[in-house]
Amino acid sequence: YSGYVGVVNALQHNNALQWADKDLFKMMLNITLEHTCIDKDLALQPSSKMALINAWKHLRPWRQTISTLQALRAARGVNGQPRFRLATLSNADYEFLRAGCHDLEVESGISFDAYLGCDGLGVAGLCLFKPEPAFYEQVRNLVLRPGYDWKRKVLHVAGAPYDANGAKAFGFRTAWNANSSHPVFFDYTGTGTNVPDLILHDIGELPAALGLTDAFTILV
């Protein structure tokens, strides 16, 4: 993964590429689409390619995502304040990440507290991707009264094994939504140290795993 990002970093400096800028996320989408077109022997017009890339902004969420977000947002602590701060943490750039959350926020009636993407984390404003530690470090600003153990106050809900591996290795508590009735997790270290704290069959299991009641409140 780091090698792939290194290659993309090198390509980013090639001014002959029409998308040559510091936004490596859009480069990745373009390169992936071009590779697929060549592999499948597809000849697409530039307008069709742009439409496919922009479709990323309108991805449909997993089932029960709406109800899960609503449950998390409604949860309260003993002081009556929200128990959780909700943020998106994605390799997307801010433009695509914010647009990709729009339909979800409208449908659920909530807004995320932060949209943390790849923009400007590297030297001279280059994008950086997970599992780069600087990527996860963005979350610190969302933690109330962060101390030396601030990472243990974060639950990273991952949708892919590589994502769960990176978050766990960084020190976050981690849940992996396998979206499968028979989840099999692969720890890239081979040591078991990156196994998630929670393995979910479906994202809808998350509220119960966190101890939320039917009223979506909890006393802790």
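Residues numbered from 1 in each chain as written. Predicted model: local features only at pLDDT ≥ 70, side-chain atom pairs only at ≥ 80, totals over all residues. Heavy atoms only, no water.

Chemist: Mind showing me how you'd approach the sheet that holds strand β4 (residues 173–177) here?
Modeler: Across a sheet, strands are paired by hydrogen bonds formed along the backbone, either parallel or antiparallel in direction. If you trace the 3 strands from one edge of the open sheet to the other, you get β3-β4-β5, paired in parallel fashion. The open sheet terminates on both sides in strands that have one partner only, identified here as β3 (155–158) and β5 (198–200). Neighbour to neighbour, the strand axes of the sheet diverge by 20° on average, direction disregarded. Examined bridge by bridge, β3 and β4 share 4 bridges and lie parallel to one another. Within β4, the residue paired with Val157 across the bridge is Ala175. Those strands touched by helix α7 (residues 161–170) are β3 and β4, and its axis lies near 175° from that of β4. (Pairing = 2+ DSSP bridges. Helix = DSSP H or I, 4+ residues; strand = E, 2+ residues; numbered from the N terminus. Axes fitted to C-alpha atoms, helices over the stretch in contact; angles between N-to-C directions. Contact = heavy atoms within 4.5 Å.)

Chemist: Please clarify how α7 should be interpreted in this entry.
Modeler: Given 3.6 residues per turn, any residue in an α-helix points the same way as the ones three and four places further on. Most of α7 is tucked away, with 7 of its 10 residues classed as buried. If you check which residues of α7 are buried, you get Asp163, Ala164, Asn165, Gly166, Ala167, Lys168 and Phe170. Tucked into the core, α7 has its buried residues touching α6 (133–137), β3 and β4. In the stretch just after α7, Gly171 is the one whose phi turns positive, near 120°. (Buried < 20%, exposed > 50% of the residue type's maximum accessible area, 1.4 Å probe, protein only.)

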